[in-house]
Structures are given as structure tokens and as C-alpha cells.
Amino acid sequence: MKKSTFCFLAAALVTLKGPTAASAEISGSCELHPVMIEDFDEESISAHRIGPARWTAHTPWSGDFGDAQFLDPGPRGPFKVENGILSITAAKDRAGRWTSGLIAAADASGAGAGTRYGYFEVRMKMPPGPGTWPAFWLAALKPVAGSDRNVEIDVIEYYGQFTSAYRTALHIWYKDMAKTRATGEKITVPDGSLVQDYHTFGVDVSPQAVAFFLDGKQVWSQPTPPELDGPLYPLVNLALGSGWPIDQTPNPSTLLVDYVHVYGRDAGPPGGCPAGPPHTPH
């Protein structure tokens, strides 16, 4: 996300209730293997630590952002799992202050689930209304203390008042802000389509390119930055604002998340691997 400061593989494809992680062997294979298959059959979110929970409720680097406070899980928290769907709800508390939620598959120690190369995908339905700022993005899976040269990939940032497009971006964060750089792209969609139904948003990361996908079709690509030196992990959030007014934001507003799937692969042959989701059922 723009206000961030820092921003293996299983032996076989099996039915899982939560994420798994293992180390990849170096080879020229293009085969994708499941790293994290989160279908939200249950809630597994802690405030700040991975294990046994699969997700944390804040950015590992304590860099929460936006105009709604991200809350811990709990009876009054923003998270609910029902019928295989995670809902993240932004709402005003009793004092009239906005609250919402974020999930990250990592914590500050560097524990978490991710992969350097592979395919990351979410299926979700956006909340209607101006001021909402939901996102699916990736950050560097490494201990926060002392880390630098961090890659961030924004697979989708949706701004609720702009109903016919969303943004993708690639950020490289340095402690020396003069070295920090970013590039992005606006992806046009049929007006209102992202709030009317579920869609998949994915990104393929290889040694050659970072390729972005909407409903399985490639929509943008950039060369892989040299700073990508380790695994990435996924985050999902419903933030508010980002400089846009939230006085007309519906209270409550809810982001619906069907799944988060992460597949890893080896570096592949010198010519690269075909980009995109695996050709197997989710």
C-alpha cells in the first residue's frame, strides 16, 4: 500500500483447510505446487503472531494505514467466517470512529507463508460506496528488524468512488527514501462489475516478470526487480480513505473474500515459464 514503510511447496496437491509451506528444490520445473490454500473454512487470525494462527491482524511492521483503525480479532472485531467466506467489515464504533480490518500471512519475526516465485490469487467481492479502499497485495517475507530493499506488489487497490477501474502497482522500498521507486497501472473494468459479483485477482512472479491477472486473463506486466531476493506473502484489507473523503462511505461496508491461494514454483528454465494460474481445480 502507498503508506507502507516496508512493505514450499507441498509434496502433492491435497485438500487443505489452511496454508502449508515447505522449501522448494532448485530446478528448471514450471510445475506449480500449493504453498497456501486458504478457503476460510474457519477463522484463524491472531493479533500479531503466526502459529497456530495462520493470519495476523496488522501489518508486521506496525504500519497500519488509512482512515479506519484496524482492529484485533474478537467478538467486536471486523472479521467473520461463514459458509467459506471471510467478511471484513468497516463500521463506526460507539464513539463514531471508523474501524476495519486487515489480514497478513506473516508476523514481525518473519514467520509466515509465502514463495519467491509462483502465482498468488484472491477471489473477492468489493463493497459498494465511495471512500472504501480494499486491497490484495504482497510484501517481503523476512524479519522486520533490519530489513531493507523490500518489494511490495499491489495486485489490486480498489477506490470505491471509481467504479470502472482499479489500480495495480509495484513498489521497491528502501530505508533511504531517495532509492524508493514505484510504477503502477490503471485496469479498466465494466462499470460497477467489481461490487456486483466475485472476481479473481492474481499475480504471477517469475525471475523474468511480474504479471497481473483479472479472472485468469493477463492485464499488465513489469520486469521483475532485482530487489526480489526472497519470498513474498499475501495481505488482504479493507481500508478507508487514501486521501479520498469518507463522509459518504456506507456504514457498515463489507469486503467478501472467498479464498486466498498461493502456488510456488522453481525459478524455471532460462526462457521462463508460462504465466498464470495452475491448470488444476482450486
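The structure we're discussing is the one just above.
All of these numbers come straight from a predicted model, not from anything done at the bench.

### Considering the pairing of strand β14 (residues 209-214)
Here is step 1 of the chain: Taking burial as the measure, the six residues of β14 include five buried ones, the bulk of the element.
Here is step 2 of the chain: Looking at chain direction, strand β13 (residues 199-205) and β14 are connected through five bridges and run antiparallel. Note on β14: the bridge partner recorded for Phe-201 is Leu-214.
Here is step 3 of the chain: Note: β14 against strand β15 (residues 217-223), six bridges, orientation antiparallel. Opposite Phe-213, over in β15, you have Gln-218 as the bridge partner.

### Some remarks on the packing of aromatic side chains
Here is step 1 of the chain: Taken as a whole, this structure holds 10 aromatic pairs when the rule is applied.
Here is step 2 of the chain: Centroid distance Tyr-119 to Phe-213: 5.8 Å. Interplanar angle 80°. Geometry classified as edge-to-face. With Tyr-119 in strand β8 (residues 118-125) and Phe-213 in strand β14, the pair connects residues that are 94 residues apart, well separated along the chain.
Here is step 3 of the chain: Using a relative accessible area of 5% as the deciding quantity, one classes Phe-213 as buried.
Here is step 4 of the chain: With a centroid separation of 5.0 Å and 80° between ring planes, the pair formed by Phe-162 and Trp-244 is classed as edge-to-face. With Phe-162 in the loop between β10 (150-157) and β11 (165-173) and Trp-244 in the loop between β16 (232-240) and β17 (253-264), this pair connects stretches of sequence that are 82 residues apart.
Here is step 5 of the chain: Among the residues examined, Phe-162 registers a relative accessible area of 39% and is labelled partly exposed.
Here is step 6 of the chain: Three or more aromatic residues link up through ring pairs in this structure, and these residues are Trp-61, Phe-65, Phe-70, Trp-133, Trp-137 and Tyr-159.

Definitions and cut-offs
Residues numbered from 1 in each chain as written. Predicted model: local features only at pLDDT ≥ 70, side-chain atom pairs only at ≥ 80, totals over all residues. Heavy atoms only, no water. Buried < 20%, exposed > 50% of the residue type's maximum accessible area, 1.4 Å probe, protein only. Helix = DSSP H or I, 4+ residues; strand = E, 2+ residues; numbered from the N terminus. Pairing = 2+ DSSP bridges. Phe/Tyr/Trp six-rings, centres within 6.5 Å; stacked < 30°, edge-to-face > 60°.

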